[in-house]
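Topology and contacts: notes
This is what each chain is made of:
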Amino acid sequence: MAGKRFLFVSGDIGGAKSQVPVAKLLKSLRHEIAIGADGAGKGIDVWMQEKFDFRVINDIDEFHIEDLIAWSDLIFVSTCASATRLVEEVAKKCFGQDVPVVMGADGFFNHGFKKWQAVNANYWFAITKGHAQAIRALRPNLPPECIIVVGQPAFDSAMDLISRKEEIRLNRRNQLGIGAEKAALWWPTGMGELIEEDIEMVKAAIEQLSKMNTIFMMNGCHPKLENVRKGYIADIISRISDCCRDHGVKFINTQSMKIPLEELGLASDVILSITCTEDVKITLMGGPPVVHLLGPTTREWMENELLLNPPY
C-alpha cells in the first residue's frame, strides 16, 4: 500500500511535543511527513532537538501554504496558545478543500480559545472523555464521531508514574534537600499578558509562607516570555528570589537540576499556578494539591479568551 502524506503544523513547545511521537510512528510506517513551524514560536526548538526536517515559516504572506496543503493527505494542527498565526492561516485555507484537518490539543483548555472557534476542522482529538465533552459543548454542530479520544503523549507517560509516585517523591526530595519542611512549587504562566499579575500573587503567597517552615521552588519560566523583552526571565527570577530572601523563605530554582517536571511536582507539597499542563498532570496523577492564582486579569482572560466560566 502506498504511503500517505501527513502535514504537521505547530506553533509553540507544547504543540510540537505532542506531535513528535506521532510523526515518528508515521515515519516508521513509511509514510511521508512534512512539518511547518511558525517562526514566532518555540516549537522550532523541539523539532531541532528531535532532528526532524522542517520548514520555518516566518512570513506567511509570502509563503505558498497552498502548495503544502495540496501535497497533503491529512493535516494535523496543534491548538497552541501562542505563536498561532501559521496554524490559523493553514486551517483557514484548508476549509472547503478535500484535505481533512485534525485539531489536536497539548492541554485541556486550548480548544476554548476564541481563535479556534472560527476554525472549521473536520476532526478534533481529545485527551479524555471529559475533554471531548468540553470540546463538543463549544461545537454542538460537529458530529459526535468527529471528536475522538486519543490521549496525549505527555499525559499518557505521566500516568505510568502513578505506581512509583511515593518512591519518586522520596528520591527527588532527597535530591532537593527537603526534609521535614513543606515545599511549595510555582509554575509561572507563559502568557505575557498574565505574568505580572502571576508574579504579584505569588509574592503575596511567599509572604504567607514566611509564617511557616516552607521552601519555595520554581522551575524557571517559559522561554517565550523572553519575547516580552530581553532579560525578562532573569528579571522575574531575581524578583522572586529577592522576595523569598526578604521574607526569610528558602528559594530553590530547580531549572538547572534537570528534574522531570512530573517528578518535581510529585516532590512538592503544594503547587501554585494560574493553570498549566503540568499542574493538570499532577492532579490526574493524584499528586499534591494545586492552588490556582486567579486574579482579576486572569479571570477576565479565562472568561473572554478561553470561554470558561467559574470555577474554570
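One can find the structure itself at the top, above this paragraph.
Bear in mind that the values here come from a model prediction, so they are computed numbers and not experimental data.

**Some details on the sheet that holds strand E12 (residues 290-292)**
Here we have 5 strands laid out as an open sheet, ordered E10-E9-E8-E11-E12, and parallel in their pairing. Edge positions in the sheet fall to strand E10 (250-253) and E12, since each has one partner strand and no second. Going across the sheet, the axis of each strand differs from the next one's by a mean of 25 degrees, ignoring polarity. Sheet topology note: the strand E11 (residues 270-273)/E12 ladder contains 3 bridges and is parallel. The residue of E12 that forms the bridge with Leu272 is Val291. Helix H9 (residues 195-209) contacts strand E8 (182-187), strand E9 (214-218) and E11 of the sheet and is inclined by roughly 175 degrees relative to E8.

**Digging into the side chain of Lys281**
If you trace the backbone, Lys281 turns up in helix H12 (residues 277-284). When its relative accessible area of 3% is taken as the criterion, Lys281 is described as buried. Other than its neighbours up to four places away in sequence, Lys281 contacts Ala154, Phe155, Ala158, Met159 and Glu262.

**Regarding helix H6 (residues 129-138)**
Inspection of H6 places His131, Ala132 and Ile135 among the buried residues, and these make up the whole buried set. All buried residues of H6 lie within an arc of 100 degrees about the axis, which places them on one face of the element. Set apart from the buried face of H6 by more than 90 degrees, the exposed residues are Lys129, Gln133 and Ala137. In this structure, the buried side of H6 is in contact with strand E6 (123-126) and strand E7 (147-149).

**What to know about the pattern of salt bridges**
Tallied over the full model, the rule gives 15 salt bridges. Across the pair Arg239 and Glu196 runs a salt bridge whose closest N-O atoms are separated by 2.8 Å. Note that Arg239 is positioned in helix H10 (residues 232-246) and Glu196 in helix H9, a separation of 43 residues in sequence. Accessibility expressed as a relative area gives 22% for Arg239, which makes it partly exposed. Residue classification places Glu196 among the partly exposed residues on the basis of a relative accessible area of 35%. Among the ionic pairs, Arg245 bridges to Asp242, the shortest N-O distance being 3.0 Å.

**Quick look at the packing of aromatic side chains**
If you walk through the whole model with that rule in mind, you get 7 aromatic pairs. Their ring planes at 45 degrees and their centres at 6.0 Å tell us that Phe8 and Phe76 sit as a pair that is tilted. Here Phe8, found in strand E1 (residues 5-10), pairs with Phe76, found in strand E4 (residues 74-78); they are 68 residues apart in sequence, far enough to count as distant. Accessibility assignment for this pair places Phe8 and Phe76 in one class, buried. Judged by centre distance (5.8 Å) and plane angle (50 degrees), the rings of Phe76 and Phe125 are tilted.

Thresholds, definitions, all that
Residues numbered from 1 in each chain as written. Predicted model: local features only at pLDDT ≥ 70, side-chain atom pairs only at ≥ 80, totals over all residues. Heavy atoms only, no water. Pairing = 2+ DSSP bridges. Helix = DSSP H or I, 4+ residues; strand = E, 2+ residues; numbered from the N terminus. Axes fitted to C-alpha atoms, helices over the stretch in contact; angles between N-to-C directions. Contact = heavy atoms within 4.5 Å. Buried < 20%, exposed > 50% of the residue type's maximum accessible area, 1.4 Å probe, protein only. Arc of directions from axis to C-beta. Salt bridge = Lys/Arg side-chain N within 4 Å of Asp/Glu carboxyl O. Phe/Tyr/Trp six-rings, centres within 6.5 Å; stacked < 30°, edge-to-face > 60°.

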